[in-house]
Structure formats: C-alpha cells, structure tokens
Amino acid sequence: MQRRVERDQRAKRLHRALVCAAAVPVMLVAAGCSSDSGSGDSTDKAGKTVPSASASPSPTVQAAAYGKLPEPCKVLSKKTLKDLVPESKSGKEGKSDDISTRVSCSWNSLDNNGVKGSQFRWMNVSMLRFESDVNRGPADKQAQEYFEKQVQEAQAVQDAKSVKTEPVTGTGDQATAVHYDLKKKEGTFKQQTVVARVENVVVTLDYNGAGLAGDKTPNGDDLLKDAKKAAKEAVEAVSAANGKGGGTADGTPSKSPSKSASKSPSKSPSKQASDEPSKGASASPSKKPVAKS
C-alpha cells in the first residue's frame, strides 16, 4: 500500500515537471514578441496603410467654336462704308500683339461744306476672340462676360446725356445697342455703340456723327440704324472667316451652312489677350481721314 502511494506521488511530480518544461518555450516566445513590439507595430501599420488614390484626370473644357478673326478693315462692304463714312478713303488698322485674338479698324469722314458747315463721322470696329481655358472656362462663357462688361462701360461714359439701351435682334448670339449725346465745344455728337457676341467673339462697333461749324446735328435714329446694319455685317464677317456661314466683306451671303460649336476638349488653349480693345469715345472732329498706305 505504501509503495503504491509513493508511485502515485512520483507520477504527480513528473507530470508537474513536464508541464513546467512545456511552459518555458511559450514564455520565451511571448517574451521575444514583447521585446520586438516596435517592429511588430510598424509591420502591422504598413499592412493597414490605405494606398493613395490615383491622380484624377486633367479637367477639359469645350473647344472654342471660332479660331480666327477676319481682317478688320475688310469686315464692311464698300457700300456700307460709303454710306456711313463717305469721305473716308480707307480704314486705319489698330495695333495688336496677336491678330488671332484682337483686331480693330477705324474710319474718319469729314464732309466740309465751307461756310455751310461740315458733317463729321467716325466709326470703329473692334473684335476680341476668346480661347477656352481650364482655369477661365469655356470660350463662349468668357465672351459673354466680356460682352456684358462692354455694354456696362458704354452706358457709363462720362458726360453722356440721354443714355438709352435696347436689344438688337438678328445679330450674332446676342447684341445690345447703347446710344447717347455728347456735347463738346465743336458741337453735339450722336454716339451709337453696338456690342454683339457670336460664339466666342465679341464685336464692338462705335459710330458717331456731328454737324460742325453751324451745320445741323445728324438724326440719332438714322445713325443708330446705320450702326446696327454695320454691326450685323461685321458679325457675319466673323462667321464667314471661320467657315460658319453668314456674310462676307462684300455683303454677299456665304454658301457655308452654320455649324454648331465643337464639343471636343481644347488641348492647347492659347493665352487670352490681357488688354481690352479701344472704347468708343468719339474722335476729335478736327482730325482728318487718315489714308492707309
């Protein structure tokens, strides 16, 4: 009986020893993991790092419908020039750093009747073309904003009297006429400004007239009618230069049908002109027509 008890006790001691021996590697492994906790955290963090999103594609805008401008001194027919500025021999083209985005031409006419007085006329056509840009936006939207600015400036000319504004139909995508009187020592000048937008081009036509040295002041309604006609002709010349239909410099209709603006994105938008075209302040009546060489 006593021997059986001793055997049982030895068996229990052996079992405890085996259990303790088996526990030692586990503790060592645990200790090893604890001592390398830094590397374990970094590995875990690297595994959980979310990959950065790929760069979004570059934004694009609708390409400009019109890519060029016509020769400014040829946008009006000979008949129109004879009616509006009869004594002008030729137009004077304005200076431009880039004729693809900005052009202008002006005409002077002084019909001197000696002691009976004189009739003075001055006209200027300026055209500004906008190019689509990812920062500035679509070209036609830029043109519309500039169109509105031009109208506002025409309405705010210093010393202008009896300022009136009215819409003009049948001229480009939108057009507005602003007319008023300007009194100067030489006489009363009747100023007409027609601002029109066709696609991404803004056309501004300034036309004024005065009776000098005792001659009668011209009828403002007649001048306005002439200005509207000339503005429409200039707008049609812009369309014709881009093969979009409309009129030509001779006043004859173009056979090319009107096309909608291209929807393809602009790949290399040109830099927009930074300066604005000259405004429609009346020219000095003492200045005689300038012949272009």
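This section reports on the structure supplied with the text. (Residues numbered from 1 in each chain as written. Predicted model: local features only at pLDDT ≥ 70, side-chain atom pairs only at ≥ 80, totals over all residues. Heavy atoms only, no water.)

So, about the state of the cysteines. Scanning the entire structure with this criterion turns up one disulfide. Covalently, Cys73 is tied to Cys105 through a disulfide, its sulfur atoms 2.0 Å apart. Every disulfide takes its handedness from the sign of the S-S torsion; for Cys73 and Cys105 that torsion is 100°, giving right-handed. Note that Cys73 is positioned in the loop between α2 (37-48) and α3 (78-84) and Cys105 in strand β2 (residues 102-112), a separation of 32 residues in sequence. (Disulfide = S-S within 2.5 Å. Helix = DSSP H or I, 4+ residues; strand = E, 2+ residues; numbered from the N terminus.)

As a further point, take the sheet that holds strand β4 (residues 161-167). The strand order across the open sheet formed by seven strands is β1-β2-β3-β7-β6-β5-β4, and the pairing between neighbours is antiparallel. Sheet topology places β1 (92-93) and β4 at the edges, where each strand pairs with a single neighbour. Relative to strand β7 (residues 201-212), strand β3 (residues 118-129) runs antiparallel, the two sharing 12 bridges. From the neighbouring strand, Val125 faces β7, where its bridge partner is Leu205. The sheet strands contacting helix α5 (residues 220-241) are β3, β4, β5 (174-184), β6 (187-198) and β7, and the helix crosses β6 at an angle near 30°. (Pairing = 2+ DSSP bridges. Contact = heavy atoms within 4.5 Å. Axes fitted to C-alpha atoms, helices over the stretch in contact; angles between N-to-C directions.)

With that settled, the discussion passes to the packing of aromatic side chains. For the structure on display, the rule yields two aromatic pairs. Between the aromatic rings of Phe120 and Phe189, the centroid separation amounts to 6.1 Å while the plane-to-plane angle is 75°, which identifies the pairing as edge-to-face. Taken together, the residues span a long stretch of sequence, with Phe120 in strand β3 and Phe189 in strand β6 at a distance of 69 residues. Taking the centre distance of 5.6 Å and the plane angle of 55° together, the rings of Phe130 and Tyr146 count as tilted. Of the two residues, Phe130 is situated in the loop between β3 and α4 (139-155) and Tyr146 in helix α4; the sequence distance between them amounts to 16 residues. For the pair Phe130 and Tyr146, a shared accessibility class is recorded, and that class is buried. (Phe/Tyr/Trp six-rings, centres within 6.5 Å; stacked < 30°, edge-to-face > 60°. Buried < 20%, exposed > 50% of the residue type's maximum accessible area, 1.4 Å probe, protein only.)

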